[in-house]
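Report on the structure
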Amino acid sequence: MSLFTLLVKSGHHSRQFCPVSYRVAGDAELLKGADELHMSGPNGELVALQCERDNGDLILHWIVESLPAGESHSYTVHAGKGKQDQAAAGVHLEEKESQIDVLIDGSYFTSYVFDPEIAKPYLGPIMGPYGESYTRLDFETREHPHHRSLWLAIGDVNDIDMWNEPKERHGKQIVTGFGEKTEGAVFAKLTSTQNWCSFGGKPQLTETRTMTFYNTPAEGRFIDIDFVLLANGRVELGATKEAGPLGIRVAESMKADNGGVIRNSFGSVGEKECWGQRAQWCDYYGNVGGKTLGIAAFDHPENVDYPTYWHVRDYGLLAANNLYFLGGKLLQKGQSIRYKHRVYFHTEDTLAGRVAEKYQDYIHPPVVSLVE
C-alpha cells in the first residue's frame, strides 16, 4: 500500500550516490497503520530505506543514485517490508576485542580500534576497491609512528602532548564506553566516549565521537565524524603544528614525495601552496597498487573558525588545524567545542573523483519535500 510520495530536487548540483533524509512527525497521518516501510524509486525500483527514531519523529534515510543538476526524482513510501534483500546488504558493525569492524555489503571496509596499549583510538586500515588501504597503518615505522591511518588528537592540551607520543609523557585517549550502535541498509552509526588524559590517567577532556559509515559503492565512500570536546576543568588548547584535531596519514605510495598530489578547494596545489592556508576541503591523491586513489577531508560550515587551516605535508599527512594558525583556545570547566568533518575516499584524481560535487552534497544536500 502506497502511503506518500517524496520529491527530491537536486538544485544546482549533480548528485551521485548522495544520502538524503526526510523527517516525519511521530503523530503524522502519513504513517497511520504502517508498522514497517519500504520505498520505490522513480522507475518503480526498490530503494534501500533506513528508518531512524528521533524524539518521537521518524527520519527516513535513503541514497539518491543519480540525479542531474536542476532535475528532480520522486520516491514513494509503502507500508510493509517489501522485497527482502540478501542478508549481507547494508552496513554492519562486527564487535571484536578492542575493535569494531565495519562491513559494507558483506565486505570489510575499516575498523575502529581502541586497544588500551595504544595511546589513542583510530580508524584503519581503510580499504579501497582494489584490495589496498587508502591510509598508512604501519606499526614498524619510525617516521611519525603516531600517525595511524585516521585519528583525532591535539598536540597541546594543558601542556600534555596528545598528538605525538613521547615515552611516558604523552597523553592518552581512554575509551570509557559506547552509546549508539546502529546498523542498516543505508548507514551504520557508532558513538564512542573517551577521556583525554595525562599519561598518569588524569582526565582533561571528555570526548563524544559519532562516526557514520554509508552504503555507497567502493569507488566512492565516506565517513562522517562528529565530535564534541568537553572540558573537565580549565583546559588550554595550545597553538602547535600538531593541533589537529583531525589527522589522516595517506598510504605511502600515495604521498606527494612519491608522486602524489595535494589540492585544495581554491585550486592550490602541493604543500607549498596548501600548507597553512584556509580552504573548505583538501584532497590528497596518488598511486596505490597501480591505481589512482584519493582522500578528501571536508570542513563543515558550522565548525568554529570555518574554513579551517590545513596542515598538509608531502610526506603523507593530511590534517585540519585551526589551533596553530589562530593561536589556540581556552575552555573553562563545562565548556565544549564541536567539530564536524566528512572524509571522502575516492578513485581517480580530484576532478574525476567529483570532490567538489561531493562537498556540495555535504553542505548543501538535495531538498526533499512531500508531494501533496
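Structural notes, computed from the coordinates. Everything numeric in this text was worked out from a predicted model, so none of it was measured.

Here we come to the sheet that holds strand 5 (residues 50-54). With antiparallel pairing, three strands are arranged side by side in an open sheet as 2-6-5. Every other strand in the sheet has two partners, leaving strand 2 (15-24) and strand 5 as the edge strands with one partner each. Adjacent strand axes in the sheet meet at a mean angle of 25 degrees, parallel and antiparallel pairs treated alike. Sheet analysis places strand 5 next to strand 6 (residues 57-67), joined by five bridges and oriented antiparallel. Each residue of the ladder has a partner; that of arginine 53, found in strand 6, is leucine 58.

Let us now look at the packing of aromatic side chains. Counted according to the given criterion, the structure contains 17 aromatic pairs. For the ring pair tyrosine 112 and phenylalanine 178, a centre distance of 6.4 Å and an interplane angle of 90 degrees mean the geometry is edge-to-face. Of this pair, tyrosine 112 sits in strand 10 (residues 107-113) while phenylalanine 178 sits in strand 13 (residues 172-182); the two residues are 66 residues apart in sequence, bridging distant segments of the chain. The partly exposed category is assigned to phenylalanine 178, whose relative accessible area is 27%.

Right, let's talk about the environment of aspartate 349 for a bit. Its location among the elements puts aspartate 349 in the loop between strand 25 (336-347) and helix 3 (355-363). A relative accessible area of 30% means that aspartate 349 is categorised as partly exposed. Expressed as a C-alpha distance, the spacing of aspartate 349 and arginine 249, which sit 100 residues apart in the sequence, is 18 Å. When neighbours within four sequence positions are excluded, aspartate 349 is seen to be in contact with Asp283, Tyr285 and Thr292. Of the polar contacts made by the side chain of aspartate 349, one reaches the backbone nitrogen of alanine 352; its length is 2.8 Å.

Looking at the secondary structure, you find aspartate 299 in strand 21 (residues 291-299). This buried residue, aspartate 299, is left without a salt bridge; arginine 278 holds the nearest opposite charge, at 7.5 Å. Only 2.7 Å separates the side chain of aspartate 299 from the side chain of asparagine 303, close enough to count as a polar contact. Apart from residues lying up to four places away in sequence, aspartate 299 is in contact with Gln280, Tyr306, Pro307, Thr308, Lys340, His341, Tyr359 and Tyr362.

Here we come to helix 3. Owing to its 3.6 residues per turn, the α-helix brings residues three or four apart onto one side. Burial of helix 3 is extensive: seven of the nine residues sit out of reach of the surface. Among the residues making up helix 3, those that are buried are Val355, Lys358, Tyr359, Gln360, Asp361, Tyr362 and Ile363. On its buried face, helix 3 is in contact with strand 2, strand 16 (220-231), strand 20 (281-288), strand 21 and strand 25.

On to empty space enclosed by the protein. Per the stated rule, a full pass over the model turns up two cavities of 30 Å³ or more. The volume enclosed by the largest cavity comes to roughly 50 Å³. The wall of the largest cavity is formed by Gly244, Pro245, Asp299, Asn303, Val304, Thr308, Ala320, Asn321, Asn322, Tyr339 and His341. Of all the secondary structure elements, the ones that give two or more residues to the lining of the largest cavity are strand 23 (317-321) and strand 25. The class makeup of the residues in the lining of the largest cavity is four nonpolar, six polar and one charged. Considered as a void within the structure, the second largest cavity measures approximately 40 Å³ in volume. Around the second largest cavity, the lining residues are Tyr112, Tyr122, Leu123, Leu150, Leu152, Arg209, Met211 and Ile225. Listing elements by their share of the lining of the second largest cavity, those giving two or more residues are strand 11 (122-123), strand 12 (150-152) and strand 15 (203-214). Classifying every residue of the lining of the second largest cavity by side-chain character gives seven nonpolar, no polar and one charged.

Here is what the cut-offs are and how they apply
- Per chain, residues are indexed from 1 in the order of the written sequence.
- The predicted nature of this model means local features are confined to residues of pLDDT at least 70 and side-chain atom pairs, given and counted, to a pLDDT of 80 or more, with totals for whole chains, interfaces and linings taken over all residues.
- Derived side-chain values reflect all non-hydrogen atoms in the structure, with water molecules and hydrogen atoms excluded from consideration.
- Here, a strand pair is defined by DSSP locating no fewer than two bridges between the strands.
- By definition, any uninterrupted DSSP run of H or I lasting at least four residues is a helix, any uninterrupted run of E lasting at least two residues is a strand, and each is numbered from the N terminus.
- For helices, the fitted line uses only the C-alpha atoms of the stretch in contact; every axis is such a line through C-alpha atoms, and the angle between N-to-C directions lies from 0 to 180 degrees.
- We call Phe, Tyr and Trp rings a pair once their centres come within 6.5 Å, taking the six-membered ring for Trp, and we label the pair stacked below 30 degrees between planes, edge-to-face above 60, and tilted otherwise.
- Three labels apply to residues, based on accessible area from a 1.4 Å probe with only protein chains included: buried if under 20% of the type maximum, exposed if over 50%, partly exposed otherwise in between.
- Between two residues, a contact is recorded if the distance between any of their heavy atoms is within 4.5 Å.
- Polar contact criterion, stated in full: a pair of N or O atoms within 3.5 Å, where within protein one must be able to donate a hydrogen and the other to accept it, and residues adjacent in sequence count only if both atoms are side-chain atoms.
- Charge assignment in this entry is limited to Lys and Arg as positive and Asp and Glu as negative, and neither His nor the chain termini are counted.
- Salt bridges are counted wherever a side-chain nitrogen of Lys or Arg sits within 4 Å of a carboxyl oxygen of Asp or Glu.
- Both cavities and pockets are sets of points on a 1 Å grid over the protein atoms alone; in a cavity a 1.4 Å probe fits but cannot get out, in a pocket the set is open with protein on both sides within 12 Å along at least five of seven lines, and lining residues sit with an atom within 4 Å of a point.
- Grid points are joined across faces, edges and corners, and a volume is the space filled by probe spheres set on the points.
- Charged residues are taken to be Asp, Glu, Lys and Arg, nonpolar residues to be Ala, Val, Leu, Ile, Met, Phe, Trp, Tyr, Cys and Pro, and polar residues to be all remaining types, Gly included.

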